[in-house]
Amino acid sequence: QSLSQQKLLTWLSVLECVEVFAEMGTARVWGEMGRWTIIVLIQLAKAILRLLLLLWYKAGIQTSPPIVPLNREQQQPLHPQDMEDNSSGKDQTYVGRRSSRVVRSLQSTPSLQSRHWGSPQQREESQSRRAEGLNQPPTPLGLQETIAESIYITRPLLHLLSLGVWGQRSWKPWLLSAVLDISSLSLLSDLKDLNRRERAELRRRTILLLYYLLRSPFYDRYSEGRILLLLRLLADYVPGVGFVTRPLMDYLPAWQKIYFYNWG
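Residues numbered from 1 in each chain as written. Predicted model: local features only at pLDDT ≥ 70, side-chain atom pairs only at ≥ 80, totals over all residues. Heavy atoms only, no water.

Engineer: Can you walk me through the overall build of the chain in this structure?
Structural biologist: Scanning the chain for helices and strands turns up 9 helices and 2 strands. Along the chain direction, N to C, the helices and strands of the chain fall in the order α-α-β-β-α-α-α-α-α-α-α. Considering the chain as a whole, with its 264 residues, one finds that 36% of them fall into the buried category. The contacts of the chain with a sequence gap of at least 6 include a subset with a gap of at least 24, amounting to 71%. (Helix = DSSP H or I, 4+ residues; strand = E, 2+ residues; numbered from the N terminus. Buried < 20%, exposed > 50% of the residue type's maximum accessible area, 1.4 Å probe, protein only. Contact = heavy atoms within 4.5 Å.)

Structure below.
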C-alpha cells in the first residue's frame, strides 16, 4: 500500500473509533440539531474516504475495521536468548522415540513474557498463515461488483437523506436501507476467489442484516415486546443468565437512541 492509502485507512479507522463518542458528546453540548449535524458530517467523511479507496486506489471489498488490529501474541519478537539459540544451531524441539510427540527442549524455553503454549511449528504455521492473509492483494472488482460496493458505501448517506425527507417514524428509510444492503450482497455473491479477509467481511455484512430486527420502526412495533419477554423469561427461569439479561434489558433503550450503534 502507498503512504497516501495508509493515511486514508488510518483516518477512516479513527472516524470509526470516535463516531459514537462524537455523537453522544455533541448531543450533550449542542442538542439534537448538533447531534444530527455531526452524524451527517462523519458519514459523509467516511463515504468520501471509502469511495477514494474503492475508485482511486482499487482497494476492493473494504473490511471493518479498515486496519486489522494487531495481534500482539503473534507479533512478539523472539527473546534474545532464543535468537542466540537459533544462531548457535541448538535444537528447539525434541521428538519422543515411542510417542513421536514434539515437545520444546529445555534449552530453548523462552522468557515468561514471550512464552506460548504451542509447539514452535504451530506458532510458525499460524504466523505464516496470518502473514499470507495480510499480504494477499485485494480481489479485482468488475463493474457489477464496484457498483455493489458503492451502494454499500453510500447507503448511510441515502438513509440519512430519507430520514430527513420522511422522518424517523416512517417505514421508508428502513425499507430503503434494507433494499440497498440486500442488493449489494446479492451483486457481490457472484464474485469468486475472494481472499480470507474479504470472505469474512461478506459474512459479517450478512450477519448484520439481523440488525434490522432491532432498528426502528420495526423494533418499536414488533421486536421490542418479544425480545424483552424472551430476556425476562431467561432471567427468571435460567439460573445465572439474569446477570447478563437484566443489564441488557436496561441497556436496550439507551442503545436504541445512538445512531452509530444502530445504523453506523
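Next comes the rest of the account.
Engineer: Honestly, the environment of Tyr94 in this entry has me stumped. Any pointers?
Structural biologist: Structurally, Tyr94 can be placed in strand E1 (residues 93–95). Tyr94 gets classed as partly exposed once you look at its relative accessible area, which sits at 48%. If sequence neighbours within four positions are ignored, Tyr94 has contacts with Arg101, Val102 and Val103.

Engineer: What is the right way to read the nonpolar core from this model?
Structural biologist: Most often, soluble globular proteins have nonpolar side chains that are buried together. Counting residues in hydrophobic clusters, the biggest one holds 13 residues, and the most contacted among them are Ile39, Leu160, Tyr212, Tyr259, Phe260 and Trp263. For this core, the secondary structure elements donating two or more residues are helix H1 (3–56), helix H4 (143–166), helix H5 (172–188) and helix H9 (259–262). If you tally residues by element for this core, the top one is H1, at 4 residues. When sequence neighbours within four positions are dropped, the list of residues in contact with Trp263 reads Gln43, Arg155, His159, Trp174, Ser177, Tyr212, Arg215 and Ser216. (Core = buried A, V, L, I, M, F, W, Y, C linked by side-chain atoms within 4.5 Å.)

Engineer: Even after reading the chapter, I still don't get the packing of helix H7 (residues 218–237) against helix H8 (residues 242–257), so can you show me in this structure?
Structural biologist: The angle between the axes and the distance between the axes are what describe a pair of packed helices. Where H7 meets H8, the axes come as close as 8 Å, and the angle between the chain directions of the two elements is 160°. Considered as vectors, H7 and H8 are oriented roughly antiparallel to each other. Read as a crossing pair, H7 and H8 show a hand that is left-handed. Here Tyr219, Asp220, Ile227, Leu228, Leu231, Arg232, Leu234, Ala235 and Asp236 of H7 lie close against H8, whose contacting residues are Gly242, Thr245, Arg246, Leu248, Met249, Leu252 and Gln256. Of the residues assigned to the contact of H7 with H8, the class counts are 9 nonpolar, 3 polar and 4 charged. (Axes fitted to C-alpha atoms, helices over the stretch in contact; angles between N-to-C directions. Parallel < 35°, antiparallel > 145°, perpendicular 65-115°, else oblique. Left-handed = near helix turned anticlockwise from the far one by under 90°. Nonpolar A, V, L, I, M, F, W, Y, C, P; charged D, E, K, R; others polar.)

Engineer: Looking at this model, I keep getting lost on the packing of H1 against H4. Mind explaining?
Structural biologist: Where H1 meets H4, the closest approach of the two axes is 10 Å, and the angle between their N-to-C directions is 170°. As the angle between them shows, H1 and H4 are arranged roughly antiparallel. Along this stretch, H1 crosses H4, giving a crossing that reads as left-handed. Judged by residue contacts, Trp36, Ile39, Val40, Gln43, Leu44, Ala47, Arg50, Leu51, Leu54 and Leu55 of H1 engage Thr146, Glu149, Ser150, Ile153, Thr154, Pro156, Leu157, Leu160 and Leu163 from H4. The residue inventory of the contact of H1 with H4, partitioned by class, reads 13 nonpolar, 4 polar and 2 charged.

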